[in-house]
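# Summary of the model geometry
Now for the letters of each chain:
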Amino acid sequence: MSKQYNPKDFESKWQEKWFSNMRYKAQDLLKDKEKFYQLVEFPYPSGPGMHIGHTRNYSMADAVVRLRRMKGQNVLFPIGWDAFGLPTENYALKVKRPPQEITKENIDNFRKQLKSLGLTFDWDREVNTTDPDYYKWTQWIFLKLYEHGLAYMADMPINWCPKCKTGCANEEVIDGKHERCGTPVEQKKLKQWVLKITEYADRLIDDLDKVEYLDSVKALQRNWIGRKTWYDIDYQIEGTDETVRVSTTRPDTQFGATFVVVAPEHEILKRLMDKMPEENREEVREYIEQAKKRSEIERLDETREKTGAFTGLYAINSITSSRMPIYATDFVLTTVGTGMVVGVPAHDRRDFEFAQKFDLPVIRVIESKNGDRFDITSVDEVYEDEGEVYNSDFMNGLSTQGARVKVGEYIEEEGIGEVVTRYHLQDWIFSRQRYWGEPIPIVHCEKCGVVPLPEEELPLELPVVTEYEPSDDGRSPLANIDEWVNTTCPKCGGPAERETNTMPNWAGSSWYFLRYCDPDNDKELASKELTDYWMRVDHYEGGSEHITLHLLYSRFWHKFLYDIGVVSDPEPYQKRTIHGNVLGEDGRKMSKSLGNVINPDKLINEYGADVTRAYLMFMGPYEGDVLWNTRTIQGVDKFVKRWFAFIQQAWVSAGESEKDTEVAVNKLVDRIERGILDWKFNTAVAAFMGFYNNYNDRKFSKDQIERLITISTPIMPHLSEELWAITGHKNSVMENEWPEIDESMLVEDILEIPVQINGRVRGRVEIEKGATEKKVKEKVLEDDKISAFIKGKNIKRFIYIEDKIVNIVL
RNA sequence: GGUCGAGUGGUGGAACUGGCAGACACGCGGGACUCAAAAUCCCGUGCUAGCAAUAGCAUGAGGGUUCAACUCCCUCCUCGACCACCA
């Protein structure tokens, strides 16, 4: 009598077996197997626990590594906890408990959830960014960065979130709002730690050629770094001996330049103030004041009408000798170029809008690709493309590209400017004014200034306290803990204060994949022998929200570690792909407020881990977003039950099988293998269903059934293990080798191929595999249906693609 | 505005390097079992015409290459994601 499918009876039993001995786990330095490092983004262990998205992504990765192990690879599949950061801290403040405790509880819960899915992570390599044994090395990397001049302090305006009461990086500000809480950020001047990521800008772009990320991921990295060639040109200010240095990326349009615009915060305005005519001075001063008050969001609003103030001054274009009024305006940003820009209204939309507002001339100098040279009279006519230059003296007739080169040479020869490579990427503001982060291992001494902590004093542990409310004045909560702050200077022994800012969330996640290689090492962050063995990460699976920042930061740190000899490879990841998200039944992002959240624990409880896994893989392709659908999981549940019954029934009635059954089994093995290795799990699940539909009433040999159980393992591991035991096997199904495919079995000996006439299928004939064209033609012409079509007409061509198709052209 | 990607039945989606479009599932229709329902099982299901065999039309729109195009090329439309007063 065969067993009913009841996952509660056996899923936890098998999990205990797997995780108690972890016989599947990675073997350090193993030589006779090929290594494979499958990395998944480590989760932030938040209170509510695992999201259904985690369930899906990790299940998919687990299927892949289970298959790879059975194919003989030495797989590293680790997991850890990215546990520092605001959500936990804010929650801890609310309930008045230390975040250390809460983090521990969250991690325990998360771990339990992941195990209940049967995920075969290397549980003894767990890494936790908030563990002092871990962040000791995060701090160590910081000290090294400092030692190499890549970490510096600067008094700079930073983005300040008044709700979270912390500064944040440019990268964390979206649309003028803090990405974590959506509060509009303010500008605040604070002494900050900054990392010189810009020094690595070129390598971060150029080394993308060494990896195989998705094209979209590479594009995003390039875009964010934003390398551009700029032309900085000096203009004399009329009637003074002052010059201004303006910048442009389009010097080919110089003869169309009719004004100069300066960012209102630009210090040159202060310098030029007394050169301005009386009547303009007041207006400019007022404009600067107004601009200061405007919020970032308001300022970045493109639809707002252009504003500005005339300085009363004129610049003399050193290339064209024309006279150009200088304006202060807030659509120019200090961080772009030199903060002073040439206005070319005919060839830049913003410049055109500005020119209209202030009634400035519009001069066209680039011909459009279709030869147009009409005057630009509306915004829609503004021509920003490339083309041929005219109206431009020595540049006439050149292409825009050629003209740029010419101007570049000209300004450098004449000494009136220079060609500069600039980046959109800015240095990385690295301090946060919050409690729950890695303390920055620095001491401020009145006598010695900034003094790095000696390595032996690491880790510098975060004091465990219950009072750590952030303050409004921009000081970190650590500043209030006197016994921690007050210390002695490691250099002179005199009184000193500790740095009270902490590191951002990105710090711990910038190198965690290295720690997985050697998680218990207390001598170094990871031994080079082990990182040489395991790195580079072969495949990094993750979400789209981390492909700019986390990827950029971790590549930067890795390159730095490469430079100082800690690792032997300048790039950390070979492949980076992006998963889709699981959306609610209504097509919207799952959220508590919308009430469309699906709880993974409930699913596992109701359907079991295997059905949950198979369903999440079946819903749709890996890269795409998928909508939750309760009906579909019931369909998958039905299938899993049938499969469980089918294998048992086939086993008790096992015997001699037919040839085409063996062909079908081979085809199935092939489809499952390809589906999983290509991350097309939906097709793999479909292959199982299709096989069941067509072959469940056949007779199978025991050997065939064993193969069917084995290939069920990656997607339905518990079920496979249970069936393996039911069929009398003593070992774990995970120890089986993945079945070899007999290539000759993938194609039947007798094939039925379609016959097309003029590209339309009109019939089909049976042929022997590998038959000659002559034989096939005979066979086709014998066919009644086909010959009826051909009757009375000429065969112009007879096309036969071996074992595939025939097309007759009449 | 930029970059990347996507448009296939009522729905989610298949289709390997151009070779039978719609696998698999959901939904829907019909049937079996049942007093009935649920569960389960069987059959059908792209659109149009036809009792049917069958024929015609179909992968966002239009053109092209080819014996053959969801797939390659050109033009356009729509949607999505990310970035953006970056000069």
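Keep in mind that what you see is a predicted model, and the values were worked out from it rather than measured. (Residues numbered from 1 in each chain as written. Chains lettered and ligands numbered in written order. Predicted model: local features only at pLDDT ≥ 70, side-chain atom pairs only at ≥ 80, totals over all residues. Heavy atoms only, no water.)

## Quick notes on the overall build of chain A
Of the regular secondary structure elements, chain A holds 25 helices and 31 strands. C-alpha atoms of chain A, sized along the principal axes, occupy 105 × 85 × 50 Å. When each of the 810 residues of chain A is scored for burial, the buried share is 56%. By sequence separation, contacts in chain A at least 24 residues apart represent 73% of the contacts at least 6 residues apart. Averaging the locations of the 108 positively and 136 negatively charged side chains of chain A gives two centres separated by 5 Å. (Helix = DSSP H or I, 4+ residues; strand = E, 2+ residues; numbered from the N terminus. Buried < 20%, exposed > 50% of the residue type's maximum accessible area, 1.4 Å probe, protein only. Contact = heavy atoms within 4.5 Å. Lys, Arg positive; Asp, Glu negative; His and termini not counted. Charge placed at Lys NZ, Arg CZ, Asp CG, Glu CD.)

## Let's talk about the pairing of strand 9 (residues 186–195)
Within a regular beta strand, the side chains point alternately toward one face of the sheet and then the other, so they alternate between its two faces. With 10 bridges connecting them, strand 5 (residues 151–161) and strand 9 associate as antiparallel partners. Counterpart to Ala154 in the pairing with strand 9 is Gln192. Where strand 9 lies against strand 19 (residues 428–429), 2 bridges are found, and the strand directions are antiparallel. Bridged to Leu195 within strand 19 is Trp428. (Pairing = 2+ DSSP bridges.)

## Remarks on the environment of Pro345
Inspection of the secondary structure puts Pro345 in the loop between strand 15 (340–343) and helix 11 (349–358). Pro345 sits in the buried class, given a relative accessible area of 0%. Separated by 15 residues in the primary sequence, Pro345 and Leu360 place their C-alpha atoms 8.5 Å from one another. Apart from the residues lying within four places of it in its own chain, the contact partners of Pro345 are Gly256, Thr258, Phe259, Asp351, Phe352, Ala355, Pro361, Val362 and Val382.

## Side note on the nonpolar core
Within the largest apolar cluster, 87 residues are counted, with the highest numbers of intra-cluster contacts made by Leu114, Trp628, Trp643, Phe691 and Leu708. Apart from residues no more than four positions distant in its own chain, Leu708 is found in contact with Trp643, Phe646, Ile647, Val665, Leu668, Phe691 and Phe700. One finds Ala26, Tyr37, Trp506 and Ala507 within the second-largest nonpolar core, a separate group that totals 83 residues. (Core = buried A, V, L, I, M, F, W, Y, C linked by side-chain atoms within 4.5 Å.)

## Examining helix 3 (residues 86–95)
Inspection of helix 3 places Leu86, Thr88, Glu89, Ala92 and Leu93 among the buried residues, and these make up the whole buried set. What you see down the axis of helix 3 is that its buried residues fit within an arc of 165°, all on one side. Of the residues trailing helix 3, Lys96 is marked for its positive phi of about 55°. (Arc of directions from axis to C-beta.)

## Some words on the pattern of salt bridges
All chains considered together, the criterion is met by 48 salt bridges. Salt-bridge contacts for Asp207 lead to Lys210; the nearest nitrogen and oxygen are separated by 3.1 Å. Classification of Lys210 as partly exposed rests on a relative accessible area of 42%. With a shortest N-O distance of 2.5 Å, Lys559 and Asp207 are connected by a salt bridge. Placement of Lys559 in helix 16 (residues 549–563) and of Asp207 in the loop between helix 6 (201–206) and helix 7 (215–225) is noted, with a sequence separation of 352 residues between them. Residue Lys559 is classed as buried on the basis of its relative accessible area of 0%. Residue class for Asp207 comes out buried when judged on its relative accessible area of 9%. Among the charged side chains, a network of salt bridges with common partners joins Asp207, Lys210, Arg555, Lys559 and Glu571. (Salt bridge = Lys/Arg side-chain N within 4 Å of Asp/Glu carboxyl O.)

## A word on the sheet that holds strand 24 (residues 539–542)
Within a sheet, adjacent strands bond to each other through the backbone by hydrogen bonds, running parallel or antiparallel. One open sheet holds the 4 strands; their spatial order is 2-1-24-25, and the pairing between them is parallel. Strand pairing shows two members of the sheet lacking a second neighbour, strand 2 (74–76) and strand 25 (576–578), which therefore form its edges. Strand after strand, the sheet turns through a mean of 20° between neighbouring axes, direction not considered. Pairing of strand 1 (residues 35–40) with strand 2 involves 3 bridges; the strand directions are parallel. (Axes fitted to C-alpha atoms, helices over the stretch in contact; angles between N-to-C directions.)

## So, the sheet that holds strand 22 (residues 486–488)
Strand order in the open sheet made by the 4 strands is 21-20-23-22, with antiparallel pairing throughout. The two strands at the open ends of the sheet, each matched to only one other strand, are strand 21 (449–452) and strand 22. Sheet twist, expressed as the mean angle between neighbouring strand axes with direction ignored, is 40°. Bridge count for strand 22 against strand 23 (residues 495–498) is 3 bridges, and the pairing is antiparallel. Residue pairing across strands places Thr487 opposite Ala496, the latter belonging to strand 23.

## A look at the packing of aromatic side chains
The final tally for this structure, using the stated rule, is 50 aromatic pairs. With a centroid separation of 5.0 Å and an interplanar angle of 85°, the aromatic rings of Tyr615 and Trp628 are classed as edge-to-face. Pair noted here: Tyr615 is in helix 18 (residues 609–618) and Trp628 is in the loop between strand 27 (626–627) and helix 19 (630–652), with a separation of 13 residues, a long-range link. Look at Tyr615 and you get buried, because its relative accessible area is 1%. Members of the aromatic cluster, each reached through a chain of ring pairs, are Phe142, Tyr146, Trp193, Tyr200, Trp428, Phe430, Trp506, Tyr553, Phe556 and Trp557. Just above the ring of Phe36 sits the side chain of Arg68; from NZ or CZ to the centre is 3.7 Å. Residue placement shows Arg373 over the ring face of Tyr390; its charged tip is 4.0 Å from the ring centre. (Phe/Tyr/Trp six-rings, centres within 6.5 Å; stacked < 30°, edge-to-face > 60°. Lys NZ or Arg CZ within 6 Å of the ring centre and 35° of its normal.)

## Examining helix 17 (residues 600–607)
Among the residues of helix 17, those classed as buried are Pro600, Leu603, Ile604 and Tyr607. Down the axis of helix 17, the sector holding all buried residues measures 95°, keeping them to one side. Those residues of helix 17 that are exposed and angled more than 90 degrees off the buried face are Lys602 and Glu606. Of the surrounding elements, those touching the buried residues of helix 17 are helix 2 (52–70), helix 18 and helix 19. Among the residues of helix 17, the N-terminal cap falls to Asn599, whose side-chain oxygen and the backbone nitrogen of Asp601 are separated by 2.8 Å. Within two residues after helix 17, Gly608 carries a phi angle of roughly 95°, on the positive side. (Polar contact = N/O pair within 3.5 Å; in protein donor to acceptor, adjacent residues only side chain to side chain.)

## So, the protein's contact with RNA strand B
Lys228, Thr249, Arg350, Arg760 and Arg764 are the nearest of the 54 residues found near RNA strand B. Interatomic distance of 3.0 Å between a backbone N/O atom of Leu333 and a base nitrogen of RNA strand B. Ranked by residues supplied to the surface near RNA strand B, first place goes to helix 21 (residues 681–695) with 6 residues. Here the residues of the surface near RNA strand B are counted per class, giving 23 nonpolar, 13 polar and 18 charged. (Near = heavy atom within 4 Å. Nonpolar A, V, L, I, M, F, W, Y, C, P; charged D, E, K, R; others polar.)

## A few points about the packing of helix 2 against helix 20 (residues 659–677)
Following both chains from N to C, one finds helix 2 and helix 20 inclined at 125°, their axes separated by 9 Å at the closest point. Between helix 2 and helix 20, the angle falls in the class oblique. Viewed along their axes, helix 2 and helix 20 form a crossing whose handedness is left-handed. Contact residues: helix 2 offers Ala63, Val64, Leu67 and Arg68, while helix 20 offers Glu673, Ile676 and Leu677. Looking at the contact of helix 2 with helix 20, its residues break down into 5 nonpolar, no polar and 2 charged. (Parallel < 35°, antiparallel > 145°, perpendicular 65-115°, else oblique. Left-handed = near helix turned anticlockwise from the far one by under 90°.)

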